[in-house]
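Here are the chains, one letter per residue:
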Amino acid sequence: MKKIPSSEITPEHIYLSRRQIMKGAVFSAAALALAACAPANTPAPAAASPTQDSTTPSGSGETDELGNPLTSYKSVTTYNNYYEFGQDKMSPSLLAGDLVTSPWQVEVGGLVNNPMTVDVADLLKKYDQEERIYRLRCVEAWSMVIPWTGFPLAKLLKEVEPKAEAKYVRFETLNDPKQLPGENDNYFKWPYVEGLRLDEAMNDLAILGTGLYGKPLPNQDGAPIRLVVPWKYGFKSIKAIVKIDLVAEMPTSLWMAAAPNEYGFYANVNPEVPHPRWSQSTERRIEGSRVATLKFNGYEEEVAGLYQGMDLSKNF
Ligand SMILES: Nc1nc2c(c(=O)[nH]1)N[C@H]1C(S)=C(S)[C@@H](COP(=O)(O)O)O[C@H]1N2
Ligand SMILES: [Mo]
């Protein structure tokens, strides 16, 4: 086992910011205005040059529960992975502006007693939007610290009442090659699909993100609604979700279909299990230095129980 420096050990009681933001208040005024992921034929991500490497102060002075400073709004919104808008980090912020994100409906169904199609505007009114400061660790070995707003995925799942046969949750991004030009790239099987085991999806850390830095989610970050599962590599956190299905079988994600030997279903952040083309033991904070990668991205206390008895090098 790799030893984690004492300075990086998760405090006994993890601090999660849960300031309740008044229902809808933040959003009401605003009109919701293979390198997951390098493809198999591209070089290791260490070679990729960052677009925003200068140290920009976040301005808020806030940190995550481990004391890591927030990544600036500018970097969070200009250094993105969103292959529907191209494969470099800058394209999403340059190209995603015209995506129509309101009105936006999400269809929740499959093996449930109470299927529903909901408008994101109604989800914002219905559920308290909480702030969650989470680390985001991309499988390419860079990371950020982001103050999201959103609500627990579990709230929505409970409402649709999963049937006993439902074992997994399958998520799908908008399929619209006119608006999402990357979906014309035949290298991948579109739309973007991701999945979680139902018990993972019910974990309190798993949220549907609807904003960041107290503002509505910028299009390049997955507006109007995206998944945020901070103990997993970033590619699990699927953007621009239009469909959530409860299913019996493990879904095949876009990345599993593209390179099954490189991107597994679980994709838990794990410094002990290298990616076939690069080590995962450290990561580059995009506004800081290289730091040790923590098992489950530092959320071990909250999620390790989900994987008891599993060989995480096989279930990668
Ligand atoms: N639909 C969709 N969701 C996606 C991606 C994508 O290409 N398409 N990229 C993933 C990857 S690889 C990462 S690291 C995160 C990046 O989120 P961010 O750009 O908001 O930092 O989004 C994930 N969600
Ligand atoms: Mo990623």
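Residues numbered from 1 in each chain as written. Chains lettered and ligands numbered in written order. Predicted model: local features only at pLDDT ≥ 70, side-chain atom pairs only at ≥ 80, totals over all residues. Heavy atoms only, no water.

## Notes on the overall build of the chain
Scanning the chain from terminus to terminus reveals 8 helices and 13 strands. For the chain, the proportion of its 316 residues judged to be buried stands at 57%. In the structure as shown, the chain presents an accessible area of about 13,200 Å², 54% of it carried by carbon and sulfur atoms. (Helix = DSSP H or I, 4+ residues; strand = E, 2+ residues; numbered from the N terminus. Buried < 20%, exposed > 50% of the residue type's maximum accessible area, 1.4 Å probe, protein only. Areas by Shrake-Rupley, 256 points an atom, 1.4 Å probe, with all protein chains shown as cover.)

## Points about unusual backbone geometry
Following serine 102, the chain continues to proline 103 via a peptide bond in cis, the omega torsion being 0°. Summarising the element assignment, proline 103 is placed in the loop between helix H3 (91-95) and strand E2 (105-110). Cis rather than trans, the peptide bond between alanine 223 and proline 224 has omega equal to 0°. Within the fold, proline 224 resides in the loop between strand E9 (215-216) and strand E10 (226-228). Of note, the phi angle at alanine 141 is positive, near 80°, even though the residue is not glycine. Assignment of secondary structure puts alanine 141 in the loop between strand E4 (129-137) and strand E5 (142-152). Judged by relative accessible area, which is 8%, alanine 141 ranks as buried. A positive phi angle is found at tyrosine 213, which is not glycine, with a value near 50°. Among the secondary structure elements, tyrosine 213 is positioned in the loop between strand E8 (207-212) and E9.

## Quick word on the pattern of salt bridges
According to the stated counting rule, one finds 17 salt bridges in the structure shown. Here lysine 236 ties to glutamate 194 by a salt bridge, and the two come within 2.7 Å at their closest N and O atoms. Taken together, the residues lysine 236 in the loop between E10 and strand E11 (241-247) and glutamate 194 in strand E7 (residues 193-197) connect sequence positions 42 residues apart. A relative accessible area of 1% means that lysine 236 is categorised as buried. The buried category is assigned to glutamate 194, whose relative accessible area is 1%. For glutamate 283, the salt bridge goes to arginine 285, with nearest N and O atoms at 3.3 Å. Using a relative accessible area of 13% as the deciding quantity, one classes arginine 285 as buried. Linked through salt bridges whose partners overlap, the residues forming this network are Asp64, Glu65 and Arg135. (Salt bridge = Lys/Arg side-chain N within 4 Å of Asp/Glu carboxyl O.)

## Section: the pairing of strand E6 (residues 168-173)
The buried fraction of E6 is high, at 5 of 6 residues. Bridge count between E6 and E7: 5 bridges; the pairing is antiparallel. If you follow valine 169 over to E7, its bridge partner there is leucine 196. Alignment of E6 against E11, held across 6 bridges, turns out to be antiparallel. Counted as the bridge partner of valine 169 is leucine 246 from E11. (Pairing = 2+ DSSP bridges.)

## Some thoughts on the confidence of the model for the chain
Interpretation of the predicted coordinates at a detailed level should be avoided for regions scoring low in pLDDT. Considering every residue of the chain, the mean pLDDT works out to 87; 81% of them sit at 70 or more. Note on residues 1-33: pLDDT under 50 across the span, and 67 contacts to partners over four residues away in sequence or across chains. A low-confidence stretch, residues 42-59 stays under pLDDT 50, and its non-local contacts, those more than four residues away or across chains, total 30 contacts. (pLDDT = per-residue confidence, 0-100. Contact = heavy atoms within 4.5 Å.)

## Topic: a nonpolar patch on the surface
Judged by side-chain polarity, Met90, Leu94 and Leu95 come together as a nonpolar surface patch covering roughly 290 Å² of accessible area. With respect to the helices and strands, the residue leucine 94 is situated in helix H3. Given a relative accessible area of 65%, leucine 94 falls into the exposed group. (Patch = residues over 30% accessible without salt bridge, like charges linked within 9 Å, V, L, I, M, F, W, Y side chains within 5 Å.)

## Remarks on the sheet that holds E7
Read from one edge to the other, the open sheet built from 5 strands follows the order E3-E2-E11-E6-E7, with strand pairing classed as mixed. Of all strands in the sheet, those bounded by a partner on one side alone are strand E3 (116-119) and E7. Geometrically, the sheet is characterised by an average inter-axis angle of 15° between neighbouring strands, direction not taken into account. Those strands touched by helix H5 (residues 153-160) are E2, E3, E6, E7 and E11, and its axis lies near 60° from that of E11. (Axes fitted to C-alpha atoms, helices over the stretch in contact; angles between N-to-C directions.)

## Comments concerning the pairing of E7
Side-chain positions along a regular strand alternate between the two faces of the sheet. The element E7 is largely enclosed, with a buried count of 5 among its 5 residues. Going residue by residue along E7, you find Val193, Gly195 and Arg197 tucked away on one face and Glu194 and Leu196 tucked away on the opposite face as well.

## What to know about the packing of aromatic side chains
Scanning the entire structure with this criterion turns up 16 aromatic pairs. With a centroid separation of 5.0 Å and an interplanar angle of 85°, the aromatic rings of tyrosine 79 and tryptophan 142 are classed as edge-to-face. Placement of the pair is tyrosine 79 in the loop between helix H2 (73-78) and H3 and tryptophan 142 in strand E5, with a sequence separation of 63 residues. The class for tyrosine 79 is buried, based on a relative accessible area of 3%. With a centroid separation of 4.9 Å and an interplanar angle of 90°, the aromatic rings of tyrosine 82 and phenylalanine 85 are classed as edge-to-face. Summarising the burial analysis for this pair, tyrosine 82 and phenylalanine 85 share the class buried. (Phe/Tyr/Trp six-rings, centres within 6.5 Å; stacked < 30°, edge-to-face > 60°.)

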